[in-house]
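Below are the chains, spelled out letter by letter.
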Amino acid sequence: MIHSLYSWRPLGELLVEKGLLTSPELEAALAEQKRSGRLIGEILVESGSLSAFSLARLLTEQHGVELQAAGTAEPDGSSRLRTAWRPLGKVLVEKGYLTKAELRRALAEQRESGGRRLLGEILVAEGFLSGISLARALAEQNGVELDPSDLAVETVLQTSAPGKVIYEVREVVYEPRYKTQEVVYESASFLEAVDYAAEFVEDADPDGVEIQRVDGQSRETVWTYSESRAAATAASRKGLAETFGFDPTLWNGTAPA
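These figures come from a predicted structure and were not determined experimentally.

### As for the overall build of the protein chain
Right, on to step 1. The helix and strand tally for the protein chain stands at 11 helices and 8 strands.
Right, on to step 2. Restricting to contacts in the protein chain with at least 6 residues of sequence separation, those with at least 24 account for 65%.
Right, on to step 3. Total accessible area on the protein chain is roughly 11,900 Å²; 47% of this is exposed by carbon and sulfur atoms.

Below you can see the structure in the form of structure tokens.
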């Protein structure tokens, strides 16, 4: 099972940056997440730090789809879900939002764009699902269930500007020596890259996985997974930092030391 903290620190930073959350609120939510194991989206909405719609709207923006409230008041129908974090692709298929074939077609189109088109934008633009369905799936992924009867919104698709940073997911082998393999996925969204990496770890059981941030000629590793470290950590119940060589919940956009 992929740990529920994997993708959340970068999103937390976005919430703070956009003024939807204060740094103390984020730190308190992460502390409660660590204590209870609950999903941080559920914690933030339950505490009143963030509305369910604000959470869903920011999540969809990171996948290339903007939701705009049609009325003057922000919709906020929601309930909490007791669920474990799952990669978005699995949520979409298991909950019946998409078929596996439709997801494969969307991923193929994203590959053809070199990662410039975000997966959410492709899914909505090609009619595989609606913006609201994407928002509901992303909310469910993070522990919150949106009430569709309270969501009167308009969908605006976003495209990635040329020259934008790309995140590459690469398989890694460590024996007999460290070597990065071919790129298995790329996206202009870090959250999409983490989602794909998490699903790749679950399905392919690789020796290791890295996410590299590529900006022109500059390249840095911003997320890592090692099967051997993960197994050793699970056996000894050590922390995330010792599993990955750095703590993914404290990722701040710089290369790990």
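### Let's talk about the pairing of strand β6 (residues 179-187)
Across a regular strand the side chains alternate sides, sitting on one face of the sheet and then on the other.
Right, on to step 1. Judged from the 6 bridges that link them, strand β5 (residues 166-173) and β6 form a sheet pairing that is antiparallel. Its bridge partner being in β6, tyrosine 167 is matched across the sheet by serine 187.
Right, on to step 2. Connecting β5 to the next strand, β6, in antiparallel fashion are 5 residues.

### A word on the sheet that holds strand β7 (residues 208-215)
Right, on to step 1. Within the open sheet, the 4 strands sit side by side as β6-β5-β7-β8. Their pairing is antiparallel. In this open sheet, the two strands that pair with only one neighbour each are β6 and β8 (218-226). Within this sheet the neighbouring strands show an average axis-to-axis angle of 30°, counted without direction.
Right, on to step 2. As defined by bridge partners, β5 adjoins β7 across 7 bridges and the pair is classed as antiparallel. Across the sheet, residue isoleucine 166 finds its bridge partner in β7, namely valine 214.
Right, on to step 3. Of the strands in this sheet, β5, β6, β7 and β8 are in contact with helix α9 (residues 190-204), which crosses β7 at around 160°.

### A few points about the packing of aromatic side chains
Right, on to step 1. Applying the stated rule across the entire model yields 3 aromatic pairs.
Right, on to step 2. When the ring of tyrosine 174 is compared with that of tyrosine 178, the centres are 6.0 Å apart and the planes differ by 45°; the resulting orientation is tilted.
Right, on to step 3. Since its relative accessible area comes to 43%, tyrosine 178 is described here as partly exposed.
Right, on to step 4. With 4.3 Å between their ring centres and 5° between their planes, tyrosine 185 and tyrosine 196 make a pair best called stacked. Here tyrosine 196 lies in helix α9 and tyrosine 185 lies in strand β6, a separation of 11 residues in the sequence.
Right, on to step 5. Take tyrosine 185: its relative accessible area is 5%, and that puts it in the buried class.

### Re the confidence of the model for the protein chain
Right, on to step 1. When pLDDT is averaged along the protein chain, the result is 78; 74% of the residues meet or exceed 70.
Right, on to step 2. Taking the mean pLDDT of every element in the protein chain, the minimum, 43, falls on helix α11 (residues 240-244) and the maximum, 94, on helix α6 (residues 100-112).
Right, on to step 3. Note that pLDDT drops below 50 for residues 1-8; the model gives that stretch 33 contacts with residues more than four away or on any other chain.
Right, on to step 4. Counting interchain partners and residues more than four positions distant, the pLDDT-below-50 stretch residues 236-257 has 45 contacts.

### Quick word on the packing of helix α2 (residues 23-36) against helix α3 (residues 40-47)
Right, on to step 1. Between α2 and α3, the least distance of the axes is 9 Å, while the angle of their chain directions is 125°. With respect to their mutual orientation, α2 and α3 come out oblique. Between α2 and α3 lies a crossing of right-handed hand. Contacts between α2 and α3 involve Glu25, Ala29, Leu30, Glu32, Gln33 and Ser36 from the former and Ile40, Ile43 and Leu44 from the latter.
Right, on to step 2. Looking at the contact of α2 with α3, its residues break down into 5 nonpolar, 2 polar and 2 charged.

### Here's the deal with unusual backbone geometry
Right, on to step 1. The amide bond that connects glutamate 175 to the next residue, proline 176, takes the cis arrangement and shows omega of 0°.
Right, on to step 2. For proline 176, the position within the fold is in the loop between β5 and β6.
Right, on to step 3. With a phi close to 50°, aspartate 205 is a non-glycine residue in the positive phi region.
Right, on to step 4. Topologically, aspartate 205 is positioned in the loop between α9 and β7.
Right, on to step 5. What makes aspartate 205 partly exposed here is its relative accessible area of 48%.

Procedures and definitions
- Residues numbered from 1 in each chain as written.
- Predicted model: local features only at pLDDT ≥ 70, side-chain atom pairs only at ≥ 80, totals over all residues.
- Heavy atoms only, no water.
- Helix = DSSP H or I, 4+ residues; strand = E, 2+ residues; numbered from the N terminus.
- Contact = heavy atoms within 4.5 Å.
- Areas by Shrake-Rupley, 256 points an atom, 1.4 Å probe, with all protein chains shown as cover.
- Pairing = 2+ DSSP bridges.
- Axes fitted to C-alpha atoms, helices over the stretch in contact; angles between N-to-C directions.
- Phe/Tyr/Trp six-rings, centres within 6.5 Å; stacked < 30°, edge-to-face > 60°.
- Buried < 20%, exposed > 50% of the residue type's maximum accessible area, 1.4 Å probe, protein only.
- pLDDT = per-residue confidence, 0-100.
- Parallel < 35°, antiparallel > 145°, perpendicular 65-115°, else oblique.
- Left-handed = near helix turned anticlockwise from the far one by under 90°.
- Nonpolar A, V, L, I, M, F, W, Y, C, P; charged D, E, K, R; others polar.

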